[in-house]
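This is what each chain is made of:
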Amino acid sequence: MRIEQIKESQRKKGRLLVRLEDGNVLRVTEEELLRFGLRAGMELDEETAEALQASARASAARAAAASIIGSRALSKQELTRRLVKKGNEASDAQAAADWLGAVNDAAYAASLARHYGGRGYGPARVREELRRRGVDRALWDAALEEMPEAAEALDKLIRKTCRGELSDPREKKRVSDALLRRGFGWSEVRAAMGRYTEMLEDAYD
């Protein structure tokens, strides 16, 4: 396979376009250009051509990974999925996610827990979010420690949610259902409703 032309990419800085005689265009880095000794008119044997193509795919996946992770935090699994969705080979996508040091699932999990905890969600909801985003279960417990105290969060939510006294069974069910949907445990919800009732009784005394 002969190289017809090598020129700089107008869209990607640091990228070079290597046009082969069969019409295919490889997007390579300057490092690959030097490593393979590429030049116009060079004949590539089958083994070298395959190695160059594999290297080009891998570097393209790394560049895409860096671009994606630069715009928002993602878990390694989410990043891999996005790279595959963009057309990268699964093996190249996985290697790029492994290569990218910015992908730190432990820090990402802790950030998610703080975010959802700060929005008034409980541990069960945060666990579901961590599962959905592909965070390793081994990291969940440490991440959940980053959440605000459940009692404090529940007390705020009850004051915001409750429309009347919890002695009304319908109101009690409405409030408890709302809090359970947010991922808090029943024992936590029951204790919080008890604190709210005591607060109202003290206010009336």
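Engineer: For this particular structure, what's the right way to read the packing of helix 5 (residues 105–118) against helix 6 (residues 123–132)?
Structural biologist: Between two packed helices, what matters for the description is the angle formed by their axes and the separation of those axes. Interhelical geometry of helix 5 versus helix 6 gives an angle of 140 degrees and a closest axis separation of 10 Å. When the interaxial angle is binned, helix 5 and helix 6 end up oblique. Crossing angle aside, the handedness with which helix 5 passes helix 6 is right-handed. Contacts between helix 5 and helix 6 involve Ala109, Leu112, Ala113 and Tyr116 on the former and, on the latter, Val126, Glu129 and Leu130.

Engineer: Explanation requested: the pairing of strand 3 (residues 25–29) in the structure shown.
Structural biologist: The two faces of a sheet get side chains in turn, since along a regular strand they alternate between them. The sheet contact formed by strand 2 (residues 15–20) and strand 3 spans five bridges and is antiparallel. If you follow Arg19 over to strand 3, its bridge partner there is Val25. The turn joining strand 2 and strand 3, which pair antiparallel and follow one another in sequence, is formed by four residues; a positive phi near 95 degrees is taken by Gly23.

Engineer: How do you make sense of the sheet that holds strand 3 when you look at a structure like this?
Structural biologist: Across the sheet, which stays open at both edges, the three strands sit in the order 1-2-3 with antiparallel pairing between neighbours. The open sheet has two edge strands with one neighbour each: strand 1 (3–8) and strand 3. This sheet shows a mean twist of 25 degrees between the axes of neighbouring strands, independent of strand direction. Sheet topology note: the strand 1/strand 2 ladder contains five bridges and is antiparallel. By the bridge assignment for strand 2, Gln5 is matched with Arg19.

Engineer: What is the right way to read a negative patch on the surface from this model?
Structural biologist: Where like charges cluster on the molecular surface, the negative patch consists of Asp45, Glu46, Glu47 and Glu50. Tracing the backbone shows Glu50 in helix 2 (residues 46–71).

Engineer: What should I look at first to understand the packing of helix 3 (residues 76–85) against helix 4 (residues 90–99) in this one?
Structural biologist: For the pair helix 3 and helix 4, interaxial distance at closest approach is 9 Å and the crossing angle is 140 degrees. One finds that helix 3 runs oblique with respect to helix 4. The chirality of how helix 3 crosses helix 4 is right-handed. Here Lys76, Leu79, Thr80, Leu83 and Val84 of helix 3 lie close against helix 4, whose contacting residues are Ala90, Ala93, Gln94, Ala96, Ala97 and Asp98.

Engineer: Before we go on, may I ask you to explain the packing of aromatic side chains in this structure?
Structural biologist: How two aromatic rings sit relative to each other is set out by the distance from centre to centre and by the angle between their planes. Enumeration over the complete set of coordinates arrives at one aromatic pair. Taking the ring centre of Tyr121 as reference, the NZ or CZ of Arg182 above it sits at 4.5 Å.

Engineer: Hey, could you run me through the layout of surface pockets in this one?
Structural biologist: To find leftover empty space, a probe the size of one water molecule is rolled over the atoms. Looking at the largest pocket, its volume works out to about 610 Å³. Along the walls of the largest pocket sit 20 residues, with Lys12, Arg15, Arg27, Ala60 and Ala64 positioned nearest its centre. Where the lining of the largest pocket is concerned, the elements lending two or more residues are strand 2, strand 3 and helix 2. Looking at the lining of the largest pocket element by element, the count peaks at eight residues for helix 2. Of the residues that constitute the lining of the largest pocket, the class distribution is eight nonpolar, four polar and eight charged.

Cut-offs applied
Residues numbered from 1 in each chain as written. Predicted model: local features only at pLDDT ≥ 70, side-chain atom pairs only at ≥ 80, totals over all residues. Heavy atoms only, no water. Axes fitted to C-alpha atoms, helices over the stretch in contact; angles between N-to-C directions. Helix = DSSP H or I, 4+ residues; strand = E, 2+ residues; numbered from the N terminus. Parallel < 35°, antiparallel > 145°, perpendicular 65-115°, else oblique. Left-handed = near helix turned anticlockwise from the far one by under 90°. Contact = heavy atoms within 4.5 Å. Pairing = 2+ DSSP bridges. Patch = residues over 30% accessible without salt bridge, like charges linked within 9 Å, V, L, I, M, F, W, Y side chains within 5 Å. Areas by Shrake-Rupley, 256 points an atom, 1.4 Å probe, with all protein chains shown as cover. Salt bridge = Lys/Arg side-chain N within 4 Å of Asp/Glu carboxyl O. Lys, Arg positive; Asp, Glu negative; His and termini not counted. Charge placed at Lys NZ, Arg CZ, Asp CG, Glu CD. Phe/Tyr/Trp six-rings, centres within 6.5 Å; stacked < 30°, edge-to-face > 60°. Lys NZ or Arg CZ within 6 Å of the ring centre and 35° of its normal. 1 Å grid on protein atoms, 1.4 Å probe; cavity = no way out; pocket = protein on both sides within 12 Å on 5 of 7 lines; lining within 4 Å. Points joined across faces, edges and corners; volume = space filled by probe spheres on them. Nonpolar A, V, L, I, M, F, W, Y, C, P; charged D, E, K, R; others polar.

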